[in-house]
Every structure is written in C-alpha cells, then in structure tokens.
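Per-entry structural report
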Amino acid sequence: MTDDSWVPDTCTLPTVERPLRLAEFDGLFHDALRGADRLTARHLRLRLDGSAEPVARDLIERESACCSFFTFDLARPDADTVTLDIRVPDARVGVLDALALRATAARGR
C-alpha cells in the first residue's frame, strides 16, 4: 500500500520523507503487531510484541513531532506485550482509518 493521499496537509514531515515513515510503520506492524482493536472511531489499540517497545517508542515520538493531532499512549500490560493506543480528533478519523488499514494489511504479509 503506497498511496499516501490520506496524509493530512497539516503534516509537517517533508513530502520526500513520508514514504520512509510509512515504511517504518509497515515494518513495525509486520514484525510486531499481534492484534488491533478499534475501540471507537477515534481510538485504535494495537497490541505489539514486547520486544518492539523501543522501536515503537522512537517512531511515535517522531510522528508526534510532525502530526501533532495524534495522541499516542504506550503501555506494557505484561512482559511479552506492549499496547499502543492511538487517538485522533473527529476531524482526523480518516487518518486513523488509513493507519488501521495499513496495520492489518502489513500484518497479513
């Protein structure tokens, strides 16, 4: 999935870097995603392998810097799992939809 037309205009990441960031998310999803739950239209919870915590933490820190509308919360419910809660405002539900689709598509590879 390479179409990034869903990336909002408010994203400050340079356009040339966007495919690289998307590839990082795809890699995280492919390597570590254990499950995804859409808790509400504005809230996605991803369950990741616990070993992915440093990668996830770095990625969400950088993503928060360019797309400030995201709210990310990373937690470790047990030794083997981290949960990544992603929330967006109503105006950005389409972005969360696209991210959820990317997660399930990458997991299937």
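See above for the structure.
Conventions we followed
Residues numbered from 1 in each chain as written. Predicted model: local features only at pLDDT ≥ 70, side-chain atom pairs only at ≥ 80, totals over all residues. Heavy atoms only, no water. Helix = DSSP H or I, 4+ residues; strand = E, 2+ residues; numbered from the N terminus. Buried < 20%, exposed > 50% of the residue type's maximum accessible area, 1.4 Å probe, protein only. Contact = heavy atoms within 4.5 Å. Areas by Shrake-Rupley, 256 points an atom, 1.4 Å probe, with all protein chains shown as cover. Salt bridge = Lys/Arg side-chain N within 4 Å of Asp/Glu carboxyl O. Axes fitted to C-alpha atoms, helices over the stretch in contact; angles between N-to-C directions. Left-handed = near helix turned anticlockwise from the far one by under 90°. Nonpolar A, V, L, I, M, F, W, Y, C, P; charged D, E, K, R; others polar. Core = buried A, V, L, I, M, F, W, Y, C linked by side-chain atoms within 4.5 Å.

What follows is about the overall build of the chain. When its secondary structure is counted, the chain shows 3 helices and 4 strands. When the elements of the chain are put in sequence order from the N terminus, they spell out α-β-β-α-β-β-α. In the chain, which comprises 109 residues, the proportion classed as buried is 43%. At a minimum sequence separation of 6, the contacts of the chain that also span at least 24 residues come to 58%. With the model as given, the accessible surface of the chain reaches about 5,900 Å², and the carbon-plus-sulfur share is 52%.

Here we come to the pattern of salt bridges. Going through the model one piece at a time under the given rule, you end up with 13 salt bridges. The salt bridge involving Arg62 is made with Glu24; its shortest N-O contact spans 2.5 Å. In this pair, Arg62 is assigned in helix H2 (residues 53–66) and Glu24 in helix H1 (residues 18–32), connecting sequence segments 38 residues apart. The salt bridge involving Arg102 is made with Asp26; its shortest N-O contact spans 2.7 Å.

This part takes up the packing of H1 against H2. Look at H1 against H2: their axes get within 11 Å of each other, and the N-to-C directions meet at 150 degrees. In the crossing of H1 with H2, the sense of the turn from one axis to the other is left-handed. Facing Arg21, Glu24, Phe25 and Leu28 of H1, the residues of H2 in contact are Val55, Ala56, Leu59, Arg62, Glu63 and Cys66. Across the contact of H1 with H2, the residue classes break down as 6 nonpolar, no polar and 4 charged.

Time to look at the nonpolar core. Grouped together as the largest cluster of nonpolar side chains are 29 residues, with contacts concentrated most on Leu28, Phe29, Leu46, Leu48, Phe70, Leu84 and Ile86. Of all the secondary-structure elements, those providing two or more residues to this core are H1, strand S2 (43–49), H2, strand S3 (71–78), strand S4 (81–87) and helix H3 (93–107). Sort the elements by how many residues they give to this core and H3 lands first, with 7 residues. Leave out the neighbours within four places in its chain, and Phe70 touches Glu63, Ile86, Arg87, Val88, Val95 and Leu99.

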